[in-house]
Amino acid sequence: MPLALLALAVGAFGIGTTEFVIMGLLPEVADDLHVSIPTAGHLVSAYALGVVIGAPLLAAVTARLSRRTVLIGLMALFVAGNVLSAFAANYDYLLAARFLSGLPHGAFFGVGAVVATTMVAPERKARSVSLMFLGLTVANVVGVPAATLMGQHLGWRATFLGVSVIGVAAIASLAFLIPHDHAHAPAVGLRRELAALRSVPVWLALGTTVAGFGALFSAYSYITPMLTDAAGFAEGSVTLLLALFGVGATAGNLVGGRLADHSLRGTLFGGLTSLAAVLALFPLLMTTEWTAALAVVLLGMAAFVTGSPLQLMVMEKASAGPSLASSANQAAFNLANAGGAWIGGLALAAGFGATSPAVAGAVLAVLGLGVAATAATVDRRRAVPGRERVVATHVPHEVEALQH
């Protein structure tokens, strides 16, 4: 694996840290800016909104630029958003800065995944994507707890300055480690990127992401009340248990990348099936502390086994113009975050019990399996002899017409 993947992982580490650390600093931010904690919670939504809007928008407007330049520019925007967050004079400015910080998130992962697959042999493409995503999962194990402690002891503004330093390190890594032959990757152009999005298989792949990760966030958004109310953990233990989720996610991400290089669709089906099973067992697993801890690890593993296969699936279906579709998959991930949390909240509000969001998530995982099965059926009907998988490579116009 090329060392350049480290540069992408450093950027992913910074992005993952700034995305999730705000959740642990809401009391400090609310107290300092004289707002309620629910109001401070809108900072989470502002970031997610920035991801959803920025992912396709920035990928589209940078379609004719070299991907190396785009990645460096996106990290520069990320640094600017975090610096502005650190020096925000009031809540409204911080809200705007969080939105700005979220804008480059999806496009960075989308374009980065395309760059990662162009630097390795065809049989290692999924693994290259999983190594970039490794920065995101490790952020949940190391970056978020460390940044939260920094914010609690030095103030929340210090956290955003620290994340800005990570962003600067990522810019330097991208500049020095991404080979110059990849700096001048052929420009696809906006028209071709948009044409790739008109493909039904692309939308089915995006739908699988929304349903599959919606299943995760239906449960994960309410993991704290499950652990405290159902399993009996003290609130002080939740931070350690969330780190266990990050450990499981990191393991699942690495395993998923390796397996997907052997069988992309098989890994996807296996991951979604495992996710549905784990979530369905949550009411049983949350009855004792040790089984609850095991459930948290298994949830992270089962969910993130599907991460790189889903990203690669979208890129494969949009092989003539992969950057925009790849970035759109990150927008789909954040839609899953919001939608899954909403569905899990409905289950709780209906009075079905503390573990009911997990059961609702199991239903979403089965829905994801249905969408993936539909996509497989469509692929069989559109199959082109002699072409099993093409990812992020140049395809002649005649073949594009057959594929799409």
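For clarity, every value in this text was computed on a predicted model and none was experimentally measured.

I'd like to hear about the packing of helix α6 (residues 91-118) against helix α17 (residues 307-317), residue by residue, with values.
α17 packs onto α6 with a crossing angle of 80° between their chain directions and a minimal axis gap of 11 Å. Viewed along their axes, α6 and α17 adopt a mutual orientation that is roughly perpendicular. Residues Phe109, Gly110, Ala113, Val114 and Thr117 of α6 pack against Gln311, Leu312 and Met315 of α17. Taken together, the residues of the contact of α6 with α17 break down into five nonpolar, three polar and no charged.

Explain the nonpolar core to me, using residue names and the numbers behind them.
One finds Leu8, Leu216, Phe282 and Met286 to be the most contacted residues of the largest nonpolar core, which totals 93 residues. Sequence-distant contacts of leucine 216, that is, excluding residues within four places in its chain, are made with Phe245, Leu275, Leu299, Ala303 and Phe304. Counting residues in each nonpolar core, the second largest holds 16 residues, with Val29, Tyr91, Leu94 and Phe160 among its members.

Please give an account of the pattern of salt bridges that cites residues and values.
Under the definition given, this model contains five salt bridges. As a salt-bridge pair, arginine 265 and aspartate 379 come within 2.3 Å of each other at their nearest N and O atoms. Here aspartate 379 lies in helix α19 (residues 356-382) and arginine 265 lies in helix α14 (residues 264-280), a separation of 114 residues in the sequence. Residues aspartate 379 and lysine 317 are paired through a salt bridge, measuring 2.7 Å at the closest nitrogen-oxygen approach. Of the two residues, aspartate 379 sits in helix α19 while lysine 317 sits in helix α17, which places them 62 residues apart along the sequence. By relative accessible area, lysine 317 is classed as buried at 12%. Connected via shared salt-bridge partners are Arg265, Glu316, Lys317 and Asp379.

Each value, and the rule that gives it
- Residues numbered from 1 in each chain as written.
- Predicted model: local features only at pLDDT ≥ 70, side-chain atom pairs only at ≥ 80, totals over all residues.
- Heavy atoms only, no water.
- Axes fitted to C-alpha atoms, helices over the stretch in contact; angles between N-to-C directions.
- Helix = DSSP H or I, 4+ residues; strand = E, 2+ residues; numbered from the N terminus.
- Parallel < 35°, antiparallel > 145°, perpendicular 65-115°, else oblique.
- Contact = heavy atoms within 4.5 Å.
- Nonpolar A, V, L, I, M, F, W, Y, C, P; charged D, E, K, R; others polar.
- Core = buried A, V, L, I, M, F, W, Y, C linked by side-chain atoms within 4.5 Å.
- Buried < 20%, exposed > 50% of the residue type's maximum accessible area, 1.4 Å probe, protein only.
- Salt bridge = Lys/Arg side-chain N within 4 Å of Asp/Glu carboxyl O.

Nothing here speaks to function; it is geometry throughout.
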